[in-house]
Amino acid sequence: MNDAHNESIIKTPKQLVGAVVGFFLVTVIGIILLVQYVTTDKLTGAGSNSQAPEEIATRIAPVADTGFTFKDVNAPKVLQAGDAIYNSTCAACHGAGVAGAPKVGDAGSWSARIAQGYDTVLKHAIEGLRAMPAKGGNPDLDDVEVARAVVFMANQSGAKFKEPEAPAAPAPAAETPAEPAK
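First, a word on scope: everything that follows refers to the structure included in this document.

### Some thoughts on the packing of helix α3 (residues 82-94) against helix α6 (residues 143-156)
- Taken N-terminus to C-terminus, the directions of α3 and α6 make an angle of 70°; their axes are 9 Å apart at the nearest point. Classed by the angle they form, the pair α3 and α6 counts as roughly perpendicular. Of α6, the residues touching α3 (which contributes Gly82, Asp83, Ile85, Tyr86, Cys90 and His94) are Glu145, Arg148, Ala149, Phe152 and Met153.
- Residue classes in the contact of α3 with α6 are distributed as six nonpolar, two polar and three charged.

Dropping the structure here:
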């Protein structure tokens, strides 16, 4: 074999140590320069404002507070219109005819019910009938709201029912006079 191919530029152990130290030194300097280049700019991506007071307050806020509104149970109830009750409670079944519910606008399926009269249809809506739960499954509804929804659905299906009026507000309680001081 020819020794010309096996010749190395490193001939002594001192040169070997110098080459190894030089290799590591170049590698370390390269890493330092790369880290410095990457971290010199302020980060503007998501989460860069994570320590702001508003962001912290958002993260630690109770989950139950989002999307809910508190209502005053002592305030007088505001009665909803028939179409609003239909859309929020009744449409789930009466919009698609689920479980034999008469579809709104289908005069054929409502005609037998309308023939029974307003009072009977309203009684079935309030108390429930067959697969339909009382008040359509929403116990928070007032009887007047259920009546309005019944009138809305029946009138959409060929009836001529009159929408019920809201009950009169109760008269404010008279204050009792205080006993005179002696």
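Here the narrative resumes.
### Digging into the environment of Val146
- With respect to the helices and strands, the residue Val146 is situated in helix α6.
- Along the backbone, Val146 and Ala125 are 21 residues apart, and their C-alpha atoms lie at a distance of 7.0 Å.
- Each residue touching Val146, except ones within four places of it in the same chain, is listed here: Leu122, Ala125, Ile126, Lys135 and Leu141.

### Considering helix α1 (residues 13-39)
- The end-to-end C-alpha distance of α1 is 39 Å, a good match for the 39 Å that 27 residues give at a rise of 1.5 Å each.
- Within α1, only zero of the 27 residues are buried, which leaves it mostly out in the open.

### Comments concerning the layout of surface pockets
- If you add up the space inside the largest pocket, you get close to 590 Å³.
- Contributing elements (two or more residues each) for the lining of the largest pocket: α3, α4 (107-115), α5 (118-127) and α6.
- Per-element accounting of the lining of the largest pocket gives the leading share, five residues, to α3.
- Here the lining of the largest pocket is built from residues that sort into 19 nonpolar, six polar and three charged.
- Taken as a whole, the second largest pocket encloses approximately 310 Å³ of empty space.
- Lining of the second largest pocket is provided by 15 residues; of these, Lys71, Lys77, Val78, Gln80 and Asp140 occupy positions nearest its centre.
- A total of three residues in the lining of the second largest pocket trace back to one element, the largest contributor, which is α3.
- Looking at the lining of the second largest pocket residue by residue, the class counts come to six nonpolar, four polar and five charged.

What counts, and at which threshold
Residues numbered from 1 in each chain as written. Predicted model: local features only at pLDDT ≥ 70, side-chain atom pairs only at ≥ 80, totals over all residues. Heavy atoms only, no water. Axes fitted to C-alpha atoms, helices over the stretch in contact; angles between N-to-C directions. Helix = DSSP H or I, 4+ residues; strand = E, 2+ residues; numbered from the N terminus. Parallel < 35°, antiparallel > 145°, perpendicular 65-115°, else oblique. Contact = heavy atoms within 4.5 Å. Nonpolar A, V, L, I, M, F, W, Y, C, P; charged D, E, K, R; others polar. Expected span 1.5 Å × (residues − 1). Buried < 20%, exposed > 50% of the residue type's maximum accessible area, 1.4 Å probe, protein only. 1 Å grid on protein atoms, 1.4 Å probe; cavity = no way out; pocket = protein on both sides within 12 Å on 5 of 7 lines; lining within 4 Å. Points joined across faces, edges and corners; volume = space filled by probe spheres on them.

So, to be careful, I would describe these as geometric facts and stop short of saying anything about function.
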